[in-house]
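Structural characterization, general
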Amino acid sequence: MSDAAIPQAERFKLSMLIYDSRYRSATIQAVVLTLVLAFVFWIVNNAVTNLAALGKPIRFDFLGDTASYDINQKLIEYSSTDSHGRAVLVGLLNTLLVAFMGCVTATVIGVIGGVLRLSNNWLVSRLMVLYVEIFRNVPLLLWIFVCMFTLTALAPQPRAFRGENPEATMKLWDSIAITNRGIYLPEPLFSRSLGNIDIGIFLISVDLLAILAVLGAGIFAARWNSKRANAIQTATGDRPKTLGVNTALIVVPVLALLVILGFHIGKPALAGFNFRGGINMSAPLIALWLGLSLYTGTYIVEAVRSGIQAVNKGQTEAASALGIRPGRTMSLVVLPQAMRIIIPQLISQYLNLTKNSSLAIAIGYMDLVSTLGGVTLNQTGREMECILLLMAIYLTISLLISGGMNWYNERVKLVER
Amino acid sequence: MKKTVFFGALVGAGLVAGASAAATLDDIKDRGKIHCGVTEGTLGFSARDSEGNHQGFDVDFCRALGAAIFNDSDAVEYIELSSKNRFTALSSGQVDLLYRTTTWTFSRDVDLKTTFVGINYYDGQGFMVPKELGVTSAKELEGATVCIETGTTTELNLADFFRVNGMSYEPLPVGGTTEAKALFEEGACDVYTTDASALAGVRAALKDPAAYIILPEIVSKEPLGPAVRHGDDEWADVVRWVQNALVAAEETGVTSANVAELAKGTDNPEINRMLGSEGSLGAMLGLDADFAVRAIAAVGNYGEIFERNIGENTPIGLARGLNALWTEGGLQYSPPFR
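Residues numbered from 1 in each chain as written. Chains lettered and ligands numbered in written order. Predicted model: local features only at pLDDT ≥ 70, side-chain atom pairs only at ≥ 80, totals over all residues. Heavy atoms only, no water.

Attention now moves to the state of the cysteines. Note on terminology: a disulfide is the covalent bond linking the sulfur atoms of two cysteines. By the definition in use, this model includes two disulfides over all chains. Each disulfide pairs two cysteine sulfurs, and for Cys-36 of chain B the partner residue is Cys-62 of chain B, the sulfurs being separated by 1.9 Å. With a gap of 26 residues between them, Cys-36 of chain B in strand S1 (residues 34-38) and Cys-62 of chain B in helix H3 (residues 57-70) connect regions that are remote in the sequence. Among the residues examined, Cys-36 of chain B registers a relative accessible area of 0% and is labelled buried. On the basis of relative accessibility, which here comes to 1%, the residue Cys-62 of chain B falls in the buried class. Across the disulfide, Cys-147 of chain B is cross-linked to Cys-189 of chain B (sulfur-sulfur distance 2.0 Å). The sign of the -95° torsion about the S-S bond sets the Cys-147 of chain B-Cys-189 of chain B disulfide as left-handed. Residue Cys-147 of chain B is found in strand S9 (residues 145-149), and its partner Cys-189 of chain B is found in the loop between helix H7 (177-186) and strand S11 (191-195); the two are separated by 42 residues along the sequence. Judged by its relative accessible area of 1%, Cys-147 of chain B falls in the buried class. Residue class for Cys-189 of chain B comes out buried when judged on its relative accessible area of 1%. This cysteine, Cys-103 of chain A, is not joined by any disulfide, and Cys-147 of chain A carries the nearest cysteine sulfur, 17 Å off. (Disulfide = S-S within 2.5 Å. Helix = DSSP H or I, 4+ residues; strand = E, 2+ residues; numbered from the N terminus. Buried < 20%, exposed > 50% of the residue type's maximum accessible area, 1.4 Å probe, protein only.)

Rendered as structure tokens:
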């Protein structure tokens, strides 16, 4: 209420808070805010008191206790002797992994599908309508089940790979094994590895850091080379050839580093009941990823279609009048303008996908809900704490996604002068 | 109190429990029925029959309580609880007790503020594998993929078993029995693990039960029993002694067929005290003198309940095993009625 600080003829009286229209709205807002805060405090206090009366005060120290359950899909080291807190972290990373993979794939499906949906080819556009209507109008959980059970029913079991004349064989020069428990991919290995840095929560591979550093330096050098070429072109009109030099600047140092580190590819191999070695994408991860991508993809198809159709037809006509080919019209003229309509819708689809990934529990993918809201909740019996924590984490993830996307939206939206 | 309930309902039913922590028996008598928490459907233990009525081993214990308190074994409302929300439902007062295949563990008893009042089924965790794997012992399961139902004690036992034996495995946690069974049949996992009693039920429901074997190892103790809220000892006593009466009835040869006859008085003082023709044990519990007679007349003794719901002549086909009376090499044993 900075108004009060302005020097005025009449002196401020307390009754003016109600009778003076300059202050009244602020008074009412202050009163309502106080009441709402008091109500919230009352509810929270009530919950805390009653839980304490039950002998279950709200405490989060259970996160430090030993989890003693195992997680199949993990991005960081974890064993059943680690704490609940670390299990939650593993679950969180799994949620982020599938959300990221899902968002990328759904966007690719959505953009391609959205463009095809508007194709002049009747068959292509009808096929896209079919895809959209089928996937959008069946609950996501069912699609996830369909993906999971299709995978487990159609792909061979690991034991089918055994024996003299196995029923199933590995693909791509014996490097990829597709089983009904997941897909085993070859992994990069280094025989002269630089080791890992332990930053407390997880390990960072020095090899990866070194490769990224060399790659970054290579790209930087290549850009410097292109700039130099631009300068020469401006000065003399002749552009020196840059492609070969640039490629060499980027590729050669990385290759050299890989040779120094002793890079080789580790293939998965059948050992005992399962394949060992290689990178394992478990069946639940694949099923969830496919289900989420295909389902959310339909909404992005519609977002892209509506975005494109919202661009004035004159733009396309103007582009063809200038002799620009249809493909380039789409990518250079229409899509950039459509983006400002598509992106806000994309934000909410990304948020949906991330939140929908909590359906993971149905098929055994250990995401945040399965770890924190599932096993941890069950074993510790701390429902209130687990659910509160779960809500706080999802809220944070969602706010970060929408914050990031809004920042991007600010950058690409049409600047009106 | 009213306000507490109203606002508590806004924040979640779990928060107003303090009000209903004491004098559960009085609340039940006022209400006219018992709120009994049971599973969402475990064949043999608690499942709905074709007419939608709850039937099963655990259900019969709830019916016995109804008979003991109200002389009406149908004065029970069954509330189906998942393994996740069962303790919240109990502590919030949504149910008066759990007969919900709940394993009695230290942390549940002490940390979750529930009180376990007995063990009505001694269970243990087992493994089932397809015969064609040629596995004969759980110690040969190095590297296997294991289907587990999440939210139970089984995933902890599993982790402990494999770690103690220095073996690795791939857990495939699944939300429910139906999904787990389907994945197991498709070969998405090599092993199916859960309590041995439930394992028998799952095996019976597979397409070709003969193609699967249950391994001999039982890797954990799973004592299943009724749980009540911490801090109401009178109600805990009622649940405990009604269950004990059913076991004691089998020990002393009292059955649903002969209980009416024996209640008139026998030359066995233990039976007389239990059935109320001698002493005043019922009044001490806050029940009628013939509470045990009604309970036994309604559902039979422990052995009858077992044989009717999960015994060898049922589709579940469980042997008495650990659940035989202590006189027959089992663990079921009732403290004396005196």
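Residue and element names in this part refer to chain B. Summary statistics for chain B give a mean pLDDT of 86 and a share of 93% for residues scoring 70 or more. Every residue in residues 1-21 scores below 50 in pLDDT, and together they form 34 contacts with partners more than four places removed in sequence or on other chains. Complex prediction metrics read pTM 0.77 and ipTM 0.70. (pLDDT = per-residue confidence, 0-100. Contact = heavy atoms within 4.5 Å.)

All names here are of chain B. For Thr-193, the position within the fold is in strand S11. By relative accessible area, which is 0% here, Thr-193 ends up buried. A polar side-chain atom of Thr-193 sits 2.8 Å from the main-chain carbonyl oxygen of Gly-126. Setting aside anything within four residues of it in sequence, one finds Thr-193 in contact with Gln-125, Gly-126, Phe-127, Val-146, Cys-147, Ile-148, Leu-158 and Leu-199. (Polar contact = N/O pair within 3.5 Å; in protein donor to acceptor, adjacent residues only side chain to side chain.)

Our next topic: the interface of chain B and chain A. By a widely used convention, the size of an interface equals the accessible area lost when the partners come together. At the interface, 53 residues of chain B touch 48 residues of chain A. Here chain B meets chain A over a buried area of about 4000 Å², counting both sides, of which 57% is carbon and sulfur. Here chain B is connected to chain A by one salt bridge. Residue assignment for the side of chain B that touches chain A shows that the elements contributing at least two residues are helix H1 (2-11), helix H4 (86-91), helix H6 (154-164), strand S10 (170-174) and H7 of chain B. Of the residues contributing to the side of chain B that touches chain A, the split by class is 24 nonpolar, 16 polar and 13 charged. (Buried area = accessible area lost by both parts, 1.4 Å probe. Salt bridge = Lys/Arg side-chain N within 4 Å of Asp/Glu carboxyl O. Nonpolar A, V, L, I, M, F, W, Y, C, P; charged D, E, K, R; others polar.)

Once that is clear, we can look at the UniProt feature "transmembrane region" (unreviewed entry) in chain A. Residues and elements named next belong to chain A. Mapped onto the present numbering, the UniProt feature "transmembrane region" (unreviewed entry) falls at residues 26-44, 87-116, 137-155, 199-222, 243-266, 286-308 and 386-408. Spanning residues 87-116, this segment combines 100% helix with 0% strand, and its end C-alpha atoms are found 43 Å apart. Between the end C-alpha atoms of residues 137-155 the distance is 27 Å, and the span holds 79% helix and 0% strand. (UniProt positions renumbered as here; feature names shortened; annotations may be inferred.)

This part takes up the packing of aromatic side chains. Residue and element names in this part refer to chain B. Enumeration over the complete set of coordinates arrives at 25 aromatic pairs over all chains. With 5.4 Å between their ring centres and 85° between their planes, Phe-45 and Tyr-121 make a pair best called edge-to-face. Remark: Tyr-121 occurs in strand S7 (residues 121-123) and Phe-45 occurs in the loop between S1 and strand S2 (47-48); sequence separation between them is 76 residues. Of the two residues, Phe-45 and Tyr-121, neither departs from the other in class, the shared state being buried. With 6.1 Å between their ring centres and 10° between their planes, Tyr-121 and Phe-306 make a pair best called stacked. (Phe/Tyr/Trp six-rings, centres within 6.5 Å; stacked < 30°, edge-to-face > 60°.)

So, about empty space enclosed by the protein. The final tally for this structure, using the stated rule, is two cavities of 30 Å³ or more. In this structure, the largest cavity is lined by 15 residues; those nearest its centre are Arg-181 and Ser-282 of chain A together with Thr-145, Glu-170 and Leu-172 of chain B. When residues of the lining of the largest cavity are traced back to their parent elements, those giving at least two are strand S9 (279-282) and helix H8 (283-309) of chain A together with S10 of chain B. It is S10 of chain B that contributes the most residues to the lining of the largest cavity, three residues altogether. Counted by class, the lining of the largest cavity contains seven nonpolar, six polar and two charged residues. Every residue lining the second largest cavity is listed: Tyr-69, Asp-70, Met-366 and Val-375 of chain A together with Ile-148, Glu-155, Tyr-169, Pro-171 and Pro-173 of chain B. Across the lining of the second largest cavity, the residue classes break down as seven nonpolar, no polar and two charged. (1 Å grid on protein atoms, 1.4 Å probe; cavity = no way out; pocket = protein on both sides within 12 Å on 5 of 7 lines; lining within 4 Å. Points joined across faces, edges and corners; volume = space filled by probe spheres on them.)

Take the layout of surface pockets next. Considering only enclosed or pocket space, the largest pocket measures out at about 1600 Å³ in volume. In terms of lining residues, the largest pocket is bounded by 46 residues, among which Lys-74, Leu-75, Glu-77, Glu-187 and Gly-278 of chain A are the most central. Listing elements by their share of the lining of the largest pocket, those giving two or more residues are helix H3 (84-117), strand S3 (187-190), strand S5 (203-205), helix H6 (206-236), strand S8 (274-276) and S9 of chain A together with H6 and S10 of chain B. When the residues that make up the lining of the largest pocket are grouped by side-chain class, the tally is 24 nonpolar, 14 polar and eight charged. Taken as a whole, the second largest pocket holds about 920 Å³ of empty space. The wall of the second largest pocket is formed by 38 residues, among which Gly-41, Thr-42, Arg-100, Glu-149 and Thr-177 of chain B lie closest to the centre. Elements supplying a minimum of two residues to the lining of the second largest pocket: H7, S11, helix H8 (196-205) and strand S13 (222-224) of chain B. Sorting elements by how many residues they give to the lining of the second largest pocket places H8 of chain B first, with five residues. Broken down by class, the residue content of the lining of the second largest pocket amounts to eight nonpolar, 20 polar and ten charged. Residues from two domains meet in the lining of the second largest pocket; each of domain 1 (23-120 + 225-328) and domain 2 (125-220) of chain B gives at least three. (Domains from an automatic or database assignment.)

The next subject is the packing of H3 of chain B against helix H14 (residues 302-309) of chain B. Residues and elements named next belong to chain B. Viewed as axis vectors pointing N to C, H3 and H14 meet at an angle of 140°, and their least axial separation amounts to 9 Å. With respect to H14, the element H3 is oriented oblique. You can see that H3 and H14 cross each other, and the crossing is right-handed. Facing Phe-57, Asp-60 and Phe-61 of H3, the residues of H14 in contact are Tyr-302, Ile-305, Phe-306, Arg-308 and Asn-309. Its residues assigned to classes, the contact of H3 with H14 comprises five nonpolar, one polar and two charged. (Axes fitted to C-alpha atoms, helices over the stretch in contact; angles between N-to-C directions. Parallel < 35°, antiparallel > 145°, perpendicular 65-115°, else oblique. Left-handed = near helix turned anticlockwise from the far one by under 90°.)

Residue and element names in this part refer to chain A. Residues Ile-28, Val-32, Val-36, Phe-39, Val-40, Val-44 and Val-48 make up a contiguous nonpolar surface patch of about 550 Å² in total accessible area. With respect to the helices and strands, Val-36 occurs in helix H2 (residues 21-53). Accessibility expressed as a relative area gives 43% for Val-36, which makes it partly exposed. (Patch = residues over 30% accessible without salt bridge, like charges linked within 9 Å, V, L, I, M, F, W, Y side chains within 5 Å. Areas by Shrake-Rupley, 256 points an atom, 1.4 Å probe, with all protein chains shown as cover.)

Our next topic: the sheet that holds S11 of chain B. Residue and element names in this part refer to chain B. Judged by pairing direction, the sheet is mixed, and its five strands sit side by side in the order S10-S9-S11-S8-S12 without closing on themselves. The outermost strands of the open sheet, each flanked by one partner alone, are S10 and strand S12 (212-214). If you compare each strand with its neighbour and ignore which way they point, the axes differ by 25° on average. The sheet contact formed by S9 and S11 spans two bridges and is parallel. (Pairing = 2+ DSSP bridges.)

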